[in-house]
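Below, each chain spelled out in residue letters.
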Amino acid sequence: MKAIRRFTVRPVLPEALQSLSDLARNLRWSWHAETRDLFQSVDPERWAASGGDPVRLLGSVPPARLAELTEDRRFLRRLAAAADDLHDYVTGERWYQSEDRSSGLPAAIAYFSPEFGITAALPQYSGGLGILAGDHLKAASDLGVPLIGVGLLYRHGYFRQTLSRDGWQQEHYPVLDPNELPLTPLSELDGTPAQVCLGLPGGRRLKARVWLAQVGRVPLLMLDSDVEENDLGERGVTDRLYGGGSEHRLLQEMLLGIGGVRAVRTYCRLTGHPEPEVFHTNEGHAGFLGLERIAELCEGGLDFDSALEAVRAGTVFTTHTPVPAGIDRFDRELVARHFGPDAELPGIDVERILQLGMETYPGGEPNLFNMAVMGLRLGQRANGVSLLHGNVSREMFSGLWPGFDADEVPITSVTNGVHAPTWVAPEVFRLGARQIGAERTEDAMTEGGRERWDAIAEIPDQDIWDLRRVLREQLVLEVRQRLYASWRQRGAGTAELGWIDGVLDPDVLTIGFARRVPSYKRLTLMLRDPDRLMELLLHPEHPIQIVVAGKAHPADDGGKRLIQELVRFADDPRVRHRIVFLPDYGMAMAQKLYPGCDVWLNNPLRPLEACGTSGMKAALNGCLNLSVLDGWWDEWFQPDFGWAIPTADGTGTDEDRRDDLEAAALYELLEQRVAPRFYERGQGGLPDRWIEMVRQTLMHLGPKVLAGRMVREYVERLYTPAAHAHRSMTPQAARELAGWKARVRSAWPSVTVDHVETSAMTQTAELGTTLALRVRVGLGELGPDDVEVQAVAGRVDMEDRLEDATPVPLKPAGGPDTEGRWLYEGPLSLDRTGPFGYTVRILPSHRLLASSAELGLVTVPSEERVGAAGVLMR
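Just so we're clear, the structure is a prediction, and the values are computed from it rather than from any experiment.

Criteria and thresholds
Residues numbered from 1 in each chain as written. Predicted model: local features only at pLDDT ≥ 70, side-chain atom pairs only at ≥ 80, totals over all residues. Heavy atoms only, no water. Helix = DSSP H or I, 4+ residues; strand = E, 2+ residues; numbered from the N terminus. Rg over C-alpha atoms; globule rule 2.2 N^0.38 Å. Buried < 20%, exposed > 50% of the residue type's maximum accessible area, 1.4 Å probe, protein only. Phe/Tyr/Trp six-rings, centres within 6.5 Å; stacked < 30°, edge-to-face > 60°. Pairing = 2+ DSSP bridges. Axes fitted to C-alpha atoms, helices over the stretch in contact; angles between N-to-C directions. Contact = heavy atoms within 4.5 Å. Disulfide = S-S within 2.5 Å. 1 Å grid on protein atoms, 1.4 Å probe; cavity = no way out; pocket = protein on both sides within 12 Å on 5 of 7 lines; lining within 4 Å. Points joined across faces, edges and corners; volume = space filled by probe spheres on them. Core = buried A, V, L, I, M, F, W, Y, C linked by side-chain atoms within 4.5 Å. Parallel < 35°, antiparallel > 145°, perpendicular 65-115°, else oblique. Left-handed = near helix turned anticlockwise from the far one by under 90°. Nonpolar A, V, L, I, M, F, W, Y, C, P; charged D, E, K, R; others polar. pLDDT = per-residue confidence, 0-100. Polar contact = N/O pair within 3.5 Å; in protein donor to acceptor, adjacent residues only side chain to side chain. Salt bridge = Lys/Arg side-chain N within 4 Å of Asp/Glu carboxyl O.

**As for the overall build of the protein chain**
Link 1 in the chain: The secondary structure content of the protein chain amounts to 30 helices and 27 strands.
Link 2 in the chain: Computed over C-alpha atoms, the radius of gyration of the protein chain comes to 30 Å, within 12% of the 29 Å expected from 2.2 N^0.38 for 874 residues, which places it in the range of a compact globule.
Link 3 in the chain: Each principal axis of the C-alpha distribution contributes one length, and for the protein chain these read about 95 × 70 × 50 Å.
Link 4 in the chain: Counting the 874 residues in the protein chain, one finds 57% classified as buried.

**A few points about the packing of aromatic side chains**
Link 1 in the chain: Enumeration according to the criterion identifies 20 aromatic pairs in this entry.
Link 2 in the chain: Where phenylalanine 288 meets phenylalanine 339, the ring centres are 5.5 Å apart and the plane angle is 45°; that geometry is what we call tilted. With a gap of 51 residues between them, phenylalanine 288 in the loop between β9 (278–282) and α11 (289–299) and phenylalanine 339 in the loop between α13 (332–337) and α14 (350–357) connect regions that are remote in the sequence. Considered together, phenylalanine 288 and phenylalanine 339 belong to a single accessibility category, that of buried residues.
Link 3 in the chain: Plain terms: the ring middles of tryptophan 487 and tryptophan 499 are 5.9 Å apart, the flat faces sit at 85° to each other, and that makes the pair edge-to-face. Highlighted residues: tryptophan 487 in helix α21 (residues 461–489) and tryptophan 499 in the loop between α21 and β15 (509–514), separated in sequence by 12 residues.
Link 4 in the chain: Looking at tryptophan 487, the relative accessible area reads 9%, which means it is buried.

**Thoughts on the sheet that holds strand β23 (residues 787–796)**
Link 1 in the chain: Pairing is antiparallel across the open sheet formed by three strands, whose spatial order is β24-β23-β27. Each of the sheet's edge strands pairs with one partner strand only, and the pair in question is β24 (802–809) and β27 (836–844). Going from strand to strand, the sheet's axes swing by 30° on average, the running direction of each strand aside.
Link 2 in the chain: The pairing of β23 with β24 spans six bridges and is antiparallel. Residue pairing for β24: alanine 793 is matched across the bridge by threonine 806.

**Focus on the sheet that holds strand β18 (residues 599–602)**
Link 1 in the chain: Reading across the sheet, the six strands line up as β17-β16-β15-β18-β19-β20 and stay open at both edges, with parallel pairing between neighbours. Looking at strand neighbours, the two that pair on one side only are β17 (579–582) and β20 (642–645), the edges of this open sheet. Taken over all neighbouring pairs, the strand axes of this sheet differ in orientation by 20° on average, direction set aside.
Link 2 in the chain: With two bridges connecting them, β15 and β18 associate as parallel partners. Bridging from a neighbouring strand, isoleucine 511 pairs with valine 599 of β18.
Link 3 in the chain: Its contacts with the sheet put α21 on β15, β16 (544–549) and β17, and the angle it makes with β17 is roughly 60°.

**So, the state of the cysteines**
Link 1 in the chain: What the rule picks out here adds up to zero disulfides.
Link 2 in the chain: There is no disulfide at cysteine 197, and the cysteine sulfur nearest it, in cysteine 268, is 20 Å away.
Link 3 in the chain: On the basis of relative accessible area, cysteine 197 is assigned to the partly exposed category, the value being 24%.
Link 4 in the chain: With no disulfide of its own, cysteine 611 has cysteine 623 as its nearest cysteine by sulfur position, at a separation of 16 Å.
Link 5 in the chain: What makes cysteine 611 buried here is its relative accessible area of 3%.

**Description of empty space enclosed by the protein**
Link 1 in the chain: One pass over the full model with this rule turns up seven cavities of 30 Å³ or more.
Link 2 in the chain: The calculated volume of the largest cavity comes to roughly 270 Å³.
Link 3 in the chain: Elements with a contribution of two residues or more to the lining of the largest cavity: α18 (426–436), α19 (438–447), α20 (450–454), α21 and α28 (688–701).
Link 4 in the chain: Along the walls of the second largest cavity sit 13 residues, with Leu483, Trp487, Arg490, Asp571 and Phe581 positioned nearest its centre.

**Notes on the pairing of strand β26 (residues 821–829)**
Link 1 in the chain: Here nine bridges tie strand β22 (residues 770–778) to β26, and the two strands are oriented antiparallel to one another. Considered in β26, the bridge of alanine 772 is made with proline 827.
Link 2 in the chain: Taken together, the two bridges between strand β25 (residues 811–812) and β26 define a ladder with antiparallel strand orientation. Looking at β26, one finds that lysine 811 is bridged to glutamate 825.

**Some points on the nonpolar core**
Link 1 in the chain: One finds Leu509, Met526, Ile544, Ile546, Leu626, Trp643 and Trp690 to be the most contacted residues of the largest nonpolar core, which totals 106 residues.
Link 2 in the chain: In contact with leucine 626, other than residues within four places in its own chain, are Val599, Trp600, Leu601, Asn602, Trp643, Ile645, Leu666, Leu669 and Leu670.
Link 3 in the chain: Within the second largest apolar cluster, 63 residues are counted, among which are Ile148, Phe159, Ala194 and Val335.

**Things to note about the packing of helix α10 (residues 246–271) against α11**
Link 1 in the chain: Here α10 crosses α11 at 55°, and the two axes come no closer than 6 Å. Relative to α11, the element α10 is oriented oblique. Seen along the crossing, α10 lies across α11 with a hand that is right-handed. Of the residues in α11, those in contact with Gly257, Ile258, Val261, Arg262 and Arg265 of α10 are Leu289, Glu292, Arg293 and Glu296.
Link 2 in the chain: Taken together, the residues of the contact of α10 with α11 sort by class into three nonpolar, one polar and five charged.

**Concerning the confidence of the model for the protein chain**
Link 1 in the chain: Across the protein chain, the average pLDDT comes to 92, with 96% of residues at or above 70.
Link 2 in the chain: Here residues 864–874 is a poorly scored stretch, pLDDT under 50, and it has 38 contacts once near neighbours within four places are set aside; other chains count.

**A few points about the environment of alanine 455**
Link 1 in the chain: Inspection of the secondary structure puts alanine 455 in the loop between α20 and α21.
Link 2 in the chain: Spatially, the C-alpha atom of alanine 455 lies 47 Å from that of threonine 266, the residues being 189 residues apart in sequence.
Link 3 in the chain: For alanine 455, the contacting residues outside a window of four places in its chain are Gln435 and Ile436.

**Brief notes about the side chain of threonine 720**
Link 1 in the chain: Inspection of the secondary structure assignment puts threonine 720 in helix α29 (residues 707–728).
Link 2 in the chain: The exposure class of threonine 720 is buried, given its relative accessible area of 8%.
Link 3 in the chain: Looking at threonine 720, its side chain comes within polar contact range of the main-chain oxygen of valine 715, at 2.7 Å.
Link 4 in the chain: Those residues in contact with threonine 720 that lie beyond four places of it in its chain are Ser103, Gly104, Leu105, Pro106, Tyr714 and Val715.

**Comments concerning the environment of asparagine 625**
Link 1 in the chain: For asparagine 625, the location among the structural elements is in strand β19 (residues 624–628).
Link 2 in the chain: Look at asparagine 625 and you get buried, because its relative accessible area is 2%.
Link 3 in the chain: Asparagine 625 has contacts with Trp600, Gly615, Ala619, Trp632, Trp633, Phe641, Gly642 and Trp643, leaving out every residue within four places of it along the chain.
Link 4 in the chain: A distance of 3.1 Å separates a polar atom in the side chain of asparagine 625 from the backbone oxygen of glycine 615.

**Examining the pattern of salt bridges**
Link 1 in the chain: The full count for this structure, using the stated rule, is 56 salt bridges.
Link 2 in the chain: A salt bridge links aspartate 572 to arginine 574, with the nearest nitrogen and oxygen atoms 2.8 Å apart.
Link 3 in the chain: Judged by relative accessible area, which is 17%, aspartate 572 ranks as buried.
Link 4 in the chain: When its relative accessible area of 52% is taken as the criterion, arginine 574 is described as exposed.

Encoded structure:
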């Protein structure tokens, strides 16, 4: 019999236990072990049945048990201590508050993301982007950074994954009731639900309720379109994460960006929270937030161009994809239909909106509206998520800055990090606490500090090896339970599953591989030579065992076939005790998987992994990385604490040949170096060299891979400069900059480098020589205050392209001549030996520009106007 209506009955807690509700509604419990231990003690069996979710737990505890707890003095003391600790955490001074306020830190930052992975109890994430966003919020909370998170509340979340009998991925979408989640409805002062509203084509409206998830000190606002005022179609806008067709995705992203800004304004009005000075767009999905802020300023009296400059000044854009196919792009007409007088943002010319996202650059598709392109045009500061990804991003988006070399494209990088308190096993924390104390261990995991991590050098080898064995054994038990449940879902009977009791061995080298399953991550690279893999799994002296997990996108049949291929191999009775595939990969599984593995495998097609943070989480638990030099591993790899899989990229090899070569390199590493080192024993009977690699991993990678380090970099390198730019961009300054840009763009075709001459007339010169440069330039209607004339010098390659170039400003040497040309002069030092060259260029210059490349305008000399330029020295 099926219910005709569903609603939630909330428990009524006795007065003495009211603090339990406060603790449950603040998601700090998801990374605070003492609070989780407190909830577990309420009712251990129901805690396990709830999946470690305090809200579900409190909804299931019988009144008699609650009455018992009101008489349990020890429990009440623990409850009071936990409540006081939370109060101190959310109100006390932390890193951000202790910083020198003269540095002008932002009063608040709004952080927009399409997904957030905070805890398995709030399933609003699909993969790395969401987990990164969740870790960003948690680390900001730990550091006291005044962030406001903004996302959507998906009623079905991301899908749950099971397998069919033949290993094909099955998707299931459980319905989520916000009242059963750790959320609080945001309410107006009169108690009515707080809502935001968007205009739709034809005069229709899309309304969304605002829910609040409290992530420590950080509020996370989540917009939910499943409200009674909406028609059925509009109610489904926030149904599934990354679901539906193009229009559905467009509406989700309009709600996230435009509705998200309106939700932030509502939250600040209702709570008194400072208004954000900086808006951070985590990937292009939230890019429309800039349009809403432009519309706000236009309503306040600014013209569009001036409002655009004001919005850009305080916007940070982070790109996470290294491939154009990973970016949301919409048909021009679809976007146009959803804006304008009959839809959203009626006060803004639709053509101005379209110009922000259209791919109007060489190689672009002029009919497509690109969300990342809009994000870059609306953000004065942009970054990739690792050093390598920053390089890739500058190449990928270089068309937006024509005339500039890729290394001058204004996209920097902040390498991702992970939130150690979330991902470090309690056993690892306890070992650190025994060595340096619990408080110092907690500080090391949140704020870093190399000296704290150096204390790991003093931990005895035996303690490290015992810890690794305990974690591996816990993983073995977890795998057997999950594998049994998976086979039951696949239709197997109890009588045929006795073999699962022998799956994995707590004394065998254990390798983990878990992530999303797009083709470039190469889930099945390990299967290129099945016989060789089988030999590795069953080696009589150096066996390995592998735990694999991952989800393919519901529409990605290619990814599903990869999963099926691996599942069929793992089902083989000859090896099924040594290799397993666990369905439904998520945060709860990951928190067991990372600590229990000895080696974390990552073999993407380089350079298609923007960062990849799973290996960071594994490293924090003493797991060694075995990875292609991509993402963060390319940046921080050292042979002391891991292995690099050789790659065949850049050789012109076809994909199949490349996979064969890289798989062979992987097998060889496992056979010759990884497995032998794990089983090698020193005089004391311990794998001394392996333990030393674990120690080096923790000491050297520990302080680097922290989300706290990442958030501090965002504060210092991006948020604070953006806040300064925001404050400088007064309405008068915004109008000045917009007018100046318009004037420069109009006049730029007349800007020329007319003649270049130098004091050197030969093709060779000695190191340390200084050349005198004289350059005549035409500036048209512009003046010297509008431009910077530079000599750019450096080594040259065989095609005379400058490498490692250094710009040297030249100075005007007098007024314009009779033909209106200006003379610029300056010295050029020959500070490097070998092939050397220079050129001259003219760039726009204004005090409010964040980068000289900002306008994408540059003028260089044409060959017929150059005198003795381009000198080469050897």
